[in-house]
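Chain and residue survey
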Amino acid sequence: MATLDITGEQFASTIEGNDIVLVDFWAEWCGPCKQFGPTYSAVSEKHPDVLFTKVDTEAEQQLAAEAGISSIPTLMAFREKVLVFSQPGALNAQQLEQVVDAVKALDMEEVHAHVARQREDAAAASKPAGPQDGSQIPDA
């Protein structure tokens, strides 16, 4: 399958509507991006069950900022709507194949359970630890 250029408007629905999505954040002026592009495209042809997408960070600056992109190329991998890989830098074909294979091999029940625990921990950490009216302050 060829790579698909996506915009900020398409990003969420693309992640939500596909099991495995790889996203290459790139720019036309970026030398390493240009080197990585053909590798990314070639590997995409070997994995029709994975959606390989590209985001032009110049055209989609807001999306790049929201995704925390500070260096390009940056490759992200999503599986079942969960970000499971994010790394800046161009990969060679073997490294990219390893990422794809690792994402496919993930135990998603375990990943979803881990994400749920993280959310619970974050929610618990943000709750106040009791009355905030000063009643817990000991007498001097």
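A brief report on the enclosed structure follows. (Residues numbered from 1 in each chain as written. Predicted model: local features only at pLDDT ≥ 70, side-chain atom pairs only at ≥ 80, totals over all residues. Heavy atoms only, no water.)

**A short note on the overall build of the chain**
Of regular secondary structure, the chain possesses five helices and five strands. Along the chain direction, N to C, the helices and strands of the chain fall in the order β-α-β-α-β-α-β-β-α-α. The C-alpha radius of gyration of the chain comes to 20 Å, more than 25% above the 14 Å expected for a compact globule of 140 residues. Overall, the C-alpha framework of the chain stretches about 70 × 35 × 25 Å when taken along its three principal axes. Counting the 140 residues in the chain, one finds 36% classified as buried. (Helix = DSSP H or I, 4+ residues; strand = E, 2+ residues; numbered from the N terminus. Rg over C-alpha atoms; globule rule 2.2 N^0.38 Å. Buried < 20%, exposed > 50% of the residue type's maximum accessible area, 1.4 Å probe, protein only.)

**With respect to unusual backbone geometry**
With an omega of -5°, the peptide bond running from I72 to P73 counts as cis. With respect to the secondary-structure elements, P73 resides in the loop between α3 (61-66) and β4 (74-79). Of note in this structure, E80 is not a glycine but carries a positive phi near 50°. Classification of E80 by relative accessible area gives partly exposed; the value is 31%. Positive phi, close to 70°, is recorded for K81, a residue that is not glycine. Mapped onto the elements, K81 comes out in the loop between β4 and β5 (82-88).

**Observations regarding the environment of D24**
Structurally, the position occupied by D24 is in strand β2 (residues 20-26). A residue is classified by how much of its surface remains accessible, and D24, at 1% relative accessible area, is buried. Separated by 52 residues in sequence, D24 and M76 place their C-alpha atoms 6.7 Å apart. D24 has contacts with F36, Y40, T53, K54, V55, P73, T74 and L75, leaving out every residue within four places of it along the chain. (Contact = heavy atoms within 4.5 Å.)

**A word on the pairing of β5**
When β4 meets β5, the two strands line up antiparallel, connected through six bridges. By the bridge assignment, A77 is partnered in β5 with F85. (Pairing = 2+ DSSP bridges.)

**Things to note about the nonpolar core**
Side chains of nonpolar character tend, in soluble globular proteins, to be buried together. Counting 18 residues, the largest nonpolar core has F11, V23, F25, I72 and F78 as the members making the most contacts within it. Listing elements by their share of this core, those giving two or more residues are α1 (8-16), β2, β3 (51-56), α3 and β4. Excluding residues that lie within four positions of it along the chain, F78 makes contacts with F11, I15, D19, I20, V21, V23, L83 and V84. With 15 residues, the next largest nonpolar core counts Y40, V50, A77 and V100 among its residues. (Core = buried A, V, L, I, M, F, W, Y, C linked by side-chain atoms within 4.5 Å.)

**What about the packing of helix α2 (residues 31-46) against helix α4 (residues 93-105)?**
Contact pair α2 / α4: the axes reach a minimum separation of 10 Å and the direction vectors enclose 45°. With respect to each other, α2 and α4 are oriented oblique. α2 and α4 meet at a crossing whose hand is right-handed. Between α2 and α4, the residues in contact are F36, T39, Y40, V43 and K46 and A93, L96, E97 and V100, respectively. Its residues assigned to classes, the contact of α2 with α4 shows six nonpolar, one polar and two charged. (Axes fitted to C-alpha atoms, helices over the stretch in contact; angles between N-to-C directions. Parallel < 35°, antiparallel > 145°, perpendicular 65-115°, else oblique. Left-handed = near helix turned anticlockwise from the far one by under 90°. Nonpolar A, V, L, I, M, F, W, Y, C, P; charged D, E, K, R; others polar.)

**Overview of the sheet that holds β3**
The five strands lie next to each other as β1-β3-β2-β4-β5, forming an open sheet whose pairing is mixed. Each edge of the open sheet carries a strand with a single partner, namely β1 (4-5) and β5. Pairing analysis gives six bridges linking β2 to β3, with the strands arranged parallel. When the bridges of β3 are listed, V23 appears paired with T53.

These figures capture arrangement, not role.
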